[in-house]
Amino acid sequence: MPHPIMFDDDDPGLAELRAVALSFPEAFEKVSWGRPVFCAPKMFAMYGGNSKVTGEMVAYPYSLLVKVDESDRAALEQDSRFYYPAYMGPFGWLGLDFTAAKVDWNEVRELLDASFRLVATKRLVKLLDAQ
């Protein structure tokens, strides 16, 4: 049984996220776990997530999940806009809640860039640097 679709194309921030995420070399979108996932070819971003830090599942349907470098994690975790995503958090991912404050799309681009660099091949990182 496929996972139910957990987003609408007109969800807040999704169109803007798509525009930025798909600008990375060889990036493409697919639906996994019912959510938009951005890959090149490994996943570097996801739209929407959940957190289970308090013991209960809390939905963050309008958010961005990215892989973060361990050197940046502590600072990002101090920002209340970020959350520790269920299932993905233990693998180095954090979520940015788009509803917590006005979205800074330059910051989103930086987060996507860092996440992309952590998962992309050397060839794709070279293509990114050449842009």
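Procedures and definitions
Residues numbered from 1 in each chain as written. Predicted model: local features only at pLDDT ≥ 70, side-chain atom pairs only at ≥ 80, totals over all residues. Heavy atoms only, no water. Core = buried A, V, L, I, M, F, W, Y, C linked by side-chain atoms within 4.5 Å. Buried < 20%, exposed > 50% of the residue type's maximum accessible area, 1.4 Å probe, protein only. Helix = DSSP H or I, 4+ residues; strand = E, 2+ residues; numbered from the N terminus. Contact = heavy atoms within 4.5 Å. Pairing = 2+ DSSP bridges. Phe/Tyr/Trp six-rings, centres within 6.5 Å; stacked < 30°, edge-to-face > 60°. Lys NZ or Arg CZ within 6 Å of the ring centre and 35° of its normal.

Looking at an unreviewed UniProt entry, the protein carries the name Phosphoribosylglycinamide formyltransferase, with the source organism given as Mycolicibacterium llatzerense.

## What about the nonpolar core?
F24, F44, L64, V108, L112 and F116 are the most contacted members of the largest nonpolar core, which totals 30 residues. Of all the elements in the fold, those that place two or more residues in this core are α1 (14-21), β3 (43-51), β4 (58-67), β6 (93-97), α3 (105-119) and α4 (122-130). Considering each element in turn, this core owes the most residues, five residues, to α3. F116 has contacts with F24, P25, A40, F44, L124 and L128, leaving out every residue within four places of it along the chain. Listed in part, the eight residues of the second largest apolar core include V37, C39, M43 and L65.

## Details of the environment of A40
Relative to the helices and strands, A40 resides in the loop between β2 (35-39) and β3. As for A40 and F24, which are separated by 16 residues in sequence, their C-alpha atoms are 8.1 Å apart.

## Quick notes on the pairing of β6
Among the five residues in β6, five count as buried, and that is most of the element. Here five bridges tie β4 to β6, and the two strands are oriented antiparallel to one another. Looking at β6, one finds that V66 is bridged to L94. The pairing of strand β5 (residues 82-83) with β6 spans two bridges and is antiparallel. Following the sheet pairing, Y83 is matched in β6 by G95.

## Observations regarding the packing of aromatic side chains
Inspection of every chain in the model, using the stated rule, returns six aromatic pairs. Where F44 meets F116, the ring centres are 5.3 Å apart and the plane angle is 85 degrees; that geometry is what we call edge-to-face. Taken together, the residues span a long stretch of sequence, with F44 in strand β3 and F116 in helix α3 at a distance of 72 residues. By the burial criterion, F44 is buried, and F116 matches it. A network of ring pairs unites the aromatic residues F24, F44 and F116 as a single cluster. Between the NZ or CZ atom of R109 and the centre of the ring of F24, over which it lies, the distance is 4.8 Å.

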